[in-house]
Amino acid sequence: MMDILDELVTANRILAREGVVDSFGHVSIRHPDRPAHFLLSRARAPECIEVEDLMEFAADGTPIDRADRRPYAERFIHAAVYEARPHALAVVHHHSPSVIPFSVTNAPLSPVMHMCAGIGASVPTWDSRTRFGETNLLVTNMAMGRDLAAALGSRPSILMRGHGAVVAGASLREVVFNSIYLQVNADLQMKAAALGSITFLSDGEIAAVLRTRGSFTYERAWEYWCHRAGRPYDARPMEGPLAGA
């Protein structure tokens, strides 16, 4: 269990080091022994998080042992995604400035580079105002979380109008990878748009990339990001068609 907690701390530190999160944003994992529960830090800047900050939450976002720790107000994002997607094992919510322009305009955010294929063919936008009116745009209850999770569906990522993004996946490494490359894609797409018409990856190209994306891809990136964040690297088996690349 301690290894899992250390990995969650590392994920927080990586996302901070790579500029996806700053003082705000969070990453969680499904509890390995109690699948209806999840693990998430107390409300603290991701770069400062330690193992002692990590908390267990029930399926509805209720802290199991709150003590004197204040939880994130938007823990309901994680609770609702885990409820809606039994196979999701990790969730990231972030406010990367790079993605915000795509959440408030009609410009579609789609992969422009092969490394970004995991963000999904077209990243949709969820608008809290559609069902909940004029709020502070934070997801602070299960009703809002479930509406967001329904809009996300089985996709890997979704934007939140004027707020940020949510990324969900089958592993902590996968959601960190896709969160970073969601930001990379947004940056590249804005640069490309300034030059002219964009040629996006086709559905077939996206599918081909993902077919050849084994654990080696995530491990290679994770090791690099661990080094940059000053965190120890816990190697996992490297498998897949490109393992020797």
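Up top you'll find the structure we're talking about.
Residues numbered from 1 in each chain as written. Predicted model: local features only at pLDDT ≥ 70, side-chain atom pairs only at ≥ 80, totals over all residues. Heavy atoms only, no water.

Caption draft 1: Structural context of the nonpolar core. In this structure, Val166 and Leu172 are the most contacted members of the largest nonpolar core, which totals 64 residues. With 8 residues, helix H6 (residues 172-195) is the single largest residue contributor to this core. With near-sequence residues (within four places) excluded, Leu172 lies in contact with Glu7, Leu8, Ala11, Val27, Ser28, Ile29, Ala90 and Trp222. (Core = buried A, V, L, I, M, F, W, Y, C linked by side-chain atoms within 4.5 Å. Buried < 20%, exposed > 50% of the residue type's maximum accessible area, 1.4 Å probe, protein only. Helix = DSSP H or I, 4+ residues; strand = E, 2+ residues; numbered from the N terminus. Contact = heavy atoms within 4.5 Å.)

Caption draft 2: Fine view of the sheet that holds strand S1 (residues 26-30). Spatially, 7 strands are ordered S3-S2-S1-S4-S7-S6-S5 in an open sheet, and the strand pairing comes out mixed. What marks the edges here is a single partner per strand, and that holds for strand S3 (54-57) and strand S5 (125-126). Direction of pairing for strand S4 (residues 90-94) relative to strand S7 (residues 164-169): antiparallel, over a ladder of 5 bridges. Directly across from Ala90, in S7, lies its bridge partner Gly169. Against the sheet, H6 contacts S1, S4, strand S6 (157-160) and S7, and its axis sits at roughly 150° relative to S7. (Pairing = 2+ DSSP bridges. Axes fitted to C-alpha atoms, helices over the stretch in contact; angles between N-to-C directions.)

Caption draft 3: Structural view of the pattern of salt bridges. Inspection of the entire model under this criterion finds 10 salt bridges. Where Glu7 meets Arg173, a salt bridge forms, and the shortest distance between an N and an O atom there is 2.4 Å. With a gap of 166 residues between them, Glu7 in helix H1 (residues 2-17) and Arg173 in helix H6 connect regions that are remote in the sequence. Exposure remark for Arg173: the relative accessible area of 7% places this residue in the buried category. Here Asp147 and Arg131 are joined by a salt bridge, their closest N and O atoms 3.0 Å apart. Of this pair, Asp147 sits in helix H5 (residues 142-152) while Arg131 sits in helix H4 (residues 129-132), placing them 16 residues apart in sequence. Judged by its relative accessible area of 59%, Arg131 falls in the exposed class. One continuous salt-bridge network, built from bridges that share partners, spans Glu7, Arg173 and Glu219. (Salt bridge = Lys/Arg side-chain N within 4 Å of Asp/Glu carboxyl O.)

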